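Tertiary structure, described
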Amino acid sequence: MAPAEILSGKMVSAQVRERLKKQVVEMKEKFPGFRPGLAILQVGNRDDSNLYINMKLKAAAEIGISANHIKLPNTATEADVLKCIASLNGDPAVHGFIVQLPLDSDKPINTEKITNAVAPEKDVDGLSSINAGKLSRGDLGDCFIPCTPKGCMELIRQTGIEVAGKRAVVVGRSKIVGAPMHDLLLWNHATVTTCHSKTSTLAEEVGKADILVVAAGKAEMVKGEWIKPGAIVIDCGINHVPDSTKASGKRVVGDVAYSTAKEKASYITPVPGGVGPMTVAMLMQSTVESAQRFLEKFQPGKWNIQYNQLTLKMPVPSDIEISQSCIPKPIDQVAKEVGLLPDEVELYGQTKAKVHLSALKRLKNQPDGKYVVVTGITPTPLGEGKSTTTVGLVQALGAHLHQNVFACVRQPSQGPTFGIKGGAAGGGYCQVIPMEEFNLHLTGDIHAITAANNLVAAAVDARIFHELTQTDQALYNRLVPSVSGVRKFSDIQIRRLQKLGINKTDPTALTKEEVNLFVRLDIDPGTITWQRVLDTNDRFLRKITIGQSPTEKGFSRTAQFDITVSSEIMAVLALSDGLDDMKKRLGRMVVASSKRGEPVTADDLGVTGALAVLMKDAIKPNLMQTLEGTPVFVHAGPFANIAHGNSSVLADKIALKLVGKEGFVVTEAGFGADIGMEKFFNIKCRYSGLRPHVVVLVATVRALKMHGGGPAVTAGVPLPKEYMEENLQLLAKGCSNLNRQIQNARMFGVPVVVAVNAFKTDTKAELALVVQLAKEAGAFDAVECTHWAEGGKGAVALAQAVQRASQTPSNFRFLYNVELPVIDKIRLIAQQIYGARDIELLPEAQEKVALYTKQGFGNLPICMAKTHLSLSHDPEQKGAPVGFILPIRDIRASVGAGFLYPLVGTMSTMPGLPTRPCFYDIDLDPVSGEVNGLF
């Protein structure tokens, strides 16, 4: 008979690659920015493994697959390899993932455990037990087949001979080739016999085969005379035999005696050039198939998220009852749903986690989503529901309109939680859960700030004490001690020397004058602006005397405690865009002035590095979820009067990357639009570089009636009847405040959507009037919302309005140029935002303008510290007052955070407890462990 036709793996694999290349191009056209991803994990540095991996990388590049080669050293442990596998399993950009065998480690590693750790849906080598099990059961459409058997089948198909009904013999039973080849032929309806080293009648069995696949690993074991005439012969062997005619002294042969076998077979694969090239081609094909499956299941950039179904009750139960009735998803599930990798998430129990900043670095090339800020009209002391609206809006966008959406909110202080305000997780059916975790310790960020702040305070007073009680040389000997006979400056001391213009690194080289400059901060106690903090409302710490112990040798001074969230370190955390930036900001914090009038910083005190260490975990945003299962970042909580009142820049930046180009990030600005929103734009957006797309302005009938001249609204006191009955005249008059706040938002070039937060006492006519007047005032849209009672469903119309508004051009601009003089920047805010005729600087404020300008801080943004209960400085002036003079009592500097804050009137930075604080109602069930009474 005629010699066998050659089945060229080179030719067939080239055809396969060309086909795959076209498929990848089609994927990219249909899903711009998408690329199939292959990861190859190697342990050690074997030459043969390097050769095989390079072949795979070259093939991937040719086809358009994004291939990533991860190489661990041969010192890698099993735990190291498993950790790397877990990370790759969770990476949505990796669709195919193989572990290059053998594992070249000098540590014991269980290969089976490693191959089984690869996620079955990414196991394009088909080596995991799950894929092997599916193949053995015949689930060919739901598994990955090892690449060599898959390549063998492709070559068999090239013959055009029907496999079904044929007798097939497989010689070899390895997990990689023989066993899966048997299963593959069987489920393609061949009658299959597997032979191996113990088969006594091997020649006889081979002679029965219509299809013969040999993978025995023994050179030319199968003889030509054994083969049935006309059989298809697939030779998977690669063996080296001596050959003196070759330069290397050896040549490559298969497991079949090729020269005699080709005389009897109808088709045969050569060695080399037969099965080998097909193995790599099939790896590429499996990777593309995996990417196609991914696209069928997940749209790129579209989260596959499980939402929680609310069971609404009327009347609406207490916030904590609602929160505890909902079972949160495991937080690692939420993290996976939004595209975070396992090694980017640090779990704090089942319901909260910290997210590493490495996520932002990984996603840096991703486009940002739409940026929405929620603010409000000038509120009553009860608040108008900004947090509730923020949560309701994201629940509507996510659970009801199926958009990628993140909420970014501030972490509340425990002071108000146990004081008069209660929790701050939202309310009704729009909450961040578990609300008791949210409102209490969370992950300890506020405690870290307390520790860091008080370390600075301790350093200030200790330094003054030591300078008062020691000579220059004694100070120098203690600040730069001799250790084992060697004196050395620390890094932070080198920075101080450079700041002083002393370019020396040898401690013995300083002159007496240089030693004096170095050791003497010479702090003027009367200029100390850094206070101790505590996250508890305690009025008796508003003014204290420190240093009364005899050990302080008569050094005492008047000081005070502030609440922790008013610490500059909280504002630093909120405005930092990374660890390095946070460290620089911490170092720049000014704590006092020297007697020469020069600013004294945390860096001068030598405390910067220690602060960064205390804050290293606090800088990671906290991941939680809403009642309906949408993701939330809870991070930072600066005061909204003496600081800028917004959650962290980092949380917003990570969220904007995670939601993708069509998604939404909704954040909240504290107090009314004249305070929180103005600072969001002029301070936060200035430092972050982020540009908002939509402002959501929250209004209530209750607050607008108050602005129209209604009676005072007092927390803990029943509302007067004017707020319980319809009064359109009072309401219309109060809409002057709504009008002003709409204009304030539009002044920054951003479209405004008004969310009318409906209460059960509001009439249809009242709600309709607010909507009408808001639109007439220039709002893009105004929408009645019932999310408190209905969850996301009650904010769907608001969400749709926000979607439409986000499509309109946003011509965002700042209110002022920071290079303007300090007084001019203050005047612009007072006149343009508050409606003042002018400003009046009291003597102390005038002195500070001169001081800060002299110290080089005059070009910082302005963070006005004024009452949130009026557009003016007088909390009793409601509506939209005009023509008033805004008094500036004093100006202080948060240089590390990066702003000056003028004080308009008296600002309390330590709240007190009321007669009946919230803690009367808070309790712990000792049996269930549940928290009761939290708002």
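For the structure itself, look to the data block above.
The structure contained in this document is the topic of the report that follows. Fair warning: this is a prediction, and the values are worked out from it, not measured in the lab. (Residues numbered from 1 in each chain as written. Predicted model: local features only at pLDDT ≥ 70, side-chain atom pairs only at ≥ 80, totals over all residues. Heavy atoms only, no water.)

Things to note about the packing of helix α14 (residues 386-400) against helix α31 (residues 796-806)
Running from N to C, α14 and α31 point in directions that differ by 80°, and their axes come no closer than 8 Å. Judged by the angle between their axes, α14 and α31 are roughly perpendicular. In contact with T389, L393, A396, L397 and H400 of α14, α31 contributes V796, L798, A799, V802 and Q803. In the contact of α14 with α31, the residues fall into 7 nonpolar, 3 polar and no charged. (Axes fitted to C-alpha atoms, helices over the stretch in contact; angles between N-to-C directions. Helix = DSSP H or I, 4+ residues; strand = E, 2+ residues; numbered from the N terminus. Parallel < 35°, antiparallel > 145°, perpendicular 65-115°, else oblique. Contact = heavy atoms within 4.5 Å. Nonpolar A, V, L, I, M, F, W, Y, C, P; charged D, E, K, R; others polar.)

A look at the pattern of salt bridges
One pass over the structure, following the stated rule, counts 47 salt bridges. For R17, the salt bridge identified is with E62, shortest N-O distance 3.3 Å. Of this pair, R17 sits in helix α1 (residues 9-30) while E62 sits in helix α2 (residues 47-63), and the two are 45 residues apart along the sequence. For R17, a relative accessible area of 18% corresponds to the buried category. Between D577 and K653 there is a salt bridge whose closest N-O contact spans 4.0 Å. (Salt bridge = Lys/Arg side-chain N within 4 Å of Asp/Glu carboxyl O. Buried < 20%, exposed > 50% of the residue type's maximum accessible area, 1.4 Å probe, protein only.)

What to know about the sheet that holds strand β3 (residues 66-72)
Pairing within the open sheet is parallel, and its 3 strands lie in the order β3-β2-β4. Of all the strands in the sheet, just β3 and β4 (96-99) have a single pairing partner and so form its edges. Shown here is a sheet whose adjacent strand axes are inclined to one another by a mean of 15°, direction ignored. Of the strand pairs in this sheet, strand β2 (residues 37-43) and β4 are connected by 4 bridges, and their pairing is parallel. (Pairing = 2+ DSSP bridges.)

Topic: the packing of aromatic side chains
Counted under the stated rule, the structure contains 14 aromatic pairs. Taking 5.6 Å as the distance between ring centres and 65° as the angle between the ring planes, the aromatic pair formed by F489 and F518 counts as edge-to-face. One end of the pair, F489, is in the loop between β19 (486-487) and α19 (491-499); the other, F518, is in helix α20 (residues 512-519), and 29 residues separate them in sequence. Since its relative accessible area comes to 3%, F518 is described here as buried. A connected cluster of aromatic rings, assembled from ring pairs, spans Y371, F680, F681, F748, F812 and F814. Seen from the ring of F144, R293 lies directly overhead, with NZ or CZ sitting 4.4 Å from the centre. Its guanidinium or amino end placed over the ring of F814, R686 lies 4.2 Å from that ring's centre, counting from NZ or CZ. (Phe/Tyr/Trp six-rings, centres within 6.5 Å; stacked < 30°, edge-to-face > 60°. Lys NZ or Arg CZ within 6 Å of the ring centre and 35° of its normal.)

Details of empty space enclosed by the protein
If you walk through the whole model with that rule in mind, you get 2 cavities of 30 Å³ or more. Quantified by volume, the largest cavity comes out at close to 50 Å³. Taken together, F97, I98, V99, T115, V118, D123, D125 and L127 form the lining of the largest cavity. Looking at side-chain class alone, the lining of the largest cavity contains 5 nonpolar, 1 polar and 2 charged residues. Considering the residues around the second largest cavity, the lining is formed by G376, I377, P379, E384, G385, K386, F671 and V698. Residue composition of the lining of the second largest cavity, grouped by class: 4 nonpolar, 2 polar and 2 charged. (1 Å grid on protein atoms, 1.4 Å probe; cavity = no way out; pocket = protein on both sides within 12 Å on 5 of 7 lines; lining within 4 Å. Points joined across faces, edges and corners; volume = space filled by probe spheres on them.)

As for the sheet that holds strand β8 (residues 232-235)
Within the open sheet, the 6 strands sit side by side as β1-β11-β8-β7-β5-β6. Their pairing is parallel. Two strands in the sheet have a free side with no partner beyond their single neighbour: β1 (5-6) and β6 (191-195). In this sheet, strand β7 (residues 211-214) lies alongside strand β5 (residues 167-171) in parallel orientation, the contact comprising 4 bridges. Along β7, the bridge assignment pairs V170 with V213.

Digging into unusual backbone geometry
Leaving glycine aside, a negative phi is the common case for residues, and trans is the common case for peptide bonds. In the segment running from L101 into P102, the intervening peptide bond is cis, with an omega of 0°. Looking at the element boundaries, P102 is found in the loop between β4 and α4 (111-117). Backbone torsion omega between M314 and P315 reads -5°, so that peptide bond is classified as cis. Examined against the element boundaries, P315 turns out to sit in the loop between α10 (275-297) and α11 (319-325). Unlike most non-glycine residues, H189 shows phi in positive territory, near 75°. Accessibility expressed as a relative area gives 57% for H189, which makes it exposed. With a phi angle near 55°, F671 is a residue other than glycine that sits in the positive phi range. Checked against the element boundaries, F671 lands in the loop between β28 (664-668) and α26 (673-688).

Section: the pairing of strand β32 (residues 838-841)
By the alternation rule, side chains of β32 split into I839 and L841, which are all buried, and D838 and E840, of which none is buried. Sheet topology places β32 next to strand β33 (residues 885-888); 4 bridges connect them, and they run parallel. Residue pairing across strands places D838 opposite I885, the latter belonging to β33.

Re the nonpolar core
Of all hydrophobic cores here, the largest spans 140 residues; its most connected members are F406, F633, F681, L738, V754 and L886. Take this core: its biggest share by element is 9 residues, from helix α17 (residues 445-469). Setting aside residues up to four positions removed in sequence, V754 forms contacts with L697, A699, L738, I742, A774, A779, D781, A782 and V783. Counting 51 residues, the second largest nonpolar core, distinct from the first, contains I98, A190, A215 and M282. (Core = buried A, V, L, I, M, F, W, Y, C linked by side-chain atoms within 4.5 Å.)

Quick word on the pairing of strand β31 (residues 781-785)
The element β31 is extensively covered by neighbouring structure, given that 4 of its 5 residues are classed as buried. Where strand β30 (residues 752-757) meets β31, 5 bridges bridge the pair, whose relative direction is parallel. The residue bridging N757 from the neighbouring strand is C785, located in β31. One crossover worth recording links β30 to the parallel β31 by way of helix α29 (residues 764-776), and it is right-handed. (Right-handed = clockwise from strand over helix to strand, strands pointing away.)

Let's talk about the environment of V252
With respect to the secondary-structure elements, V252 resides in strand β10 (residues 250-253). Setting aside residues no more than four positions away along its own chain, V252 makes contact with I238, N239, H240, V271 and P272.

Some thoughts on the side chain of D890
Its location among the elements puts D890 in strand β34 (residues 890-894). For D890, the side chain forms a polar contact with the side chain of K848, separated by 3.1 Å. Once residues lying within four places of it in the same chain are set aside, the contact partners of D890 are E844, A845, K848, Y901, P902 and L903. (Polar contact = N/O pair within 3.5 Å; in protein donor to acceptor, adjacent residues only side chain to side chain.)

What about α1?
One turn of the α-helix equals 3.6 residues, which is why residues spaced by three or four share an orientation. Over its 22 residues, α1 runs 31 Å from end to end, which matches the ideal 32 Å to within 8%, given 1.5 Å per residue. Turning to α1, its buried residues number three or more, namely G9, V12, S13, V16, R17, L20, V24 and M27. Looking straight down α1, one finds its buried side chains confined to an arc of 135°; they lie on one side. Exposed positions of α1 whose direction lies more than 90 degrees from the buried face are K22, E26 and E29. Looking at the buried side of α1, the elements it contacts are α2, α6 (147-158) and α10. (Expected span 1.5 Å × (residues − 1). Arc of directions from axis to C-beta.)

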